[in-house]
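Residues per chain, in single letters:
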Amino acid sequence: MSTHPQRFEILVVPQHAEGRDVAHLAEVAIRSAVVEATGETGASGYPRYSGGGMVADIDPETRTVEALLVDGFELDYGLSARVTAPADG
């Protein structure tokens, strides 16, 4: 049985932000939130995480955001979501 991470940080960044360097992405992020596992599975089939106004289905193996709502709305065009470990551990 695989255990999934219980917390992630989601960074909402302009789509043109390049790379995976967390420090750079954190600098250009227009919003971020630490989300915690809810114990539910989302419509995408991946674990659901929630916190800070964000609800996301995240593939914990690839750290890909499969579905995301920010304050109840989908992301606007030109924005993307990146997932990292929370800064506080």
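The rules behind each value
Residues numbered from 1 in each chain as written. Predicted model: local features only at pLDDT ≥ 70, side-chain atom pairs only at ≥ 80, totals over all residues. Heavy atoms only, no water. Phe/Tyr/Trp six-rings, centres within 6.5 Å; stacked < 30°, edge-to-face > 60°. Helix = DSSP H or I, 4+ residues; strand = E, 2+ residues; numbered from the N terminus. Buried < 20%, exposed > 50% of the residue type's maximum accessible area, 1.4 Å probe, protein only. Salt bridge = Lys/Arg side-chain N within 4 Å of Asp/Glu carboxyl O. Pairing = 2+ DSSP bridges. Axes fitted to C-alpha atoms, helices over the stretch in contact; angles between N-to-C directions.

Draft legend 1. Spatial organisation of the packing of aromatic side chains. All told, the structure shown has 1 aromatic pair when counted by the stated rule. Here F8 and Y49 contribute two aromatic rings whose centre-to-centre distance is 5.1 Å and whose plane-to-plane angle is 65 degrees, an arrangement assigned as edge-to-face. Here the residue F8 occupies a position in strand β1 (residues 7–14), and Y49 occupies one in strand β3 (residues 47–51), the gap between them amounting to 41 residues. Here the two residues F8 and Y49 agree in accessibility, since each one is buried.

Draft legend 2. Highlighting the pattern of salt bridges. In total, this model carries 3 salt bridges according to the counting rule given. A salt bridge links R7 to E36; its shortest N-O distance comes to 3.7 Å. One end of the pair, R7, is in strand β1; the other, E36, is in strand β2 (residues 31–41), with 29 residues separating them in the sequence. Here D57 makes a salt bridge to R48, at a shortest N to O gap of 3.0 Å.

Draft legend 3. Structural view of the sheet that holds β3. A sheet is described by the order of its strands in space; here 6 strands give the open sequence β5-β4-β3-β2-β1-β6, paired in antiparallel fashion. Strand pairing shows two members of the sheet lacking a second neighbour, β5 (64–70) and β6 (79–84), which therefore form its edges. The sheet shows a mean angle of 30 degrees between the axes of neighbouring strands, direction not considered. Relative to strand β4 (residues 54–59), β3 is paired through 4 bridges, and the arrangement is antiparallel. Bridge assignment links Y49 to a residue of β4, and that residue is A56.

Draft legend 4. Fine view of the pairing of β1. Counting buried residues along β1, 7 of its 8 residues qualify, which places the element largely inside the surrounding structure. Where β1 lies against β2, 6 bridges are found, and the strand directions are antiparallel. Residue V12 lies in a different strand from β2, and its bridge partner there is R31. In terms of strand pairing, β1 meets β6 through 6 bridges, oriented antiparallel. Considered in β6, the bridge of V13 is made with S80.

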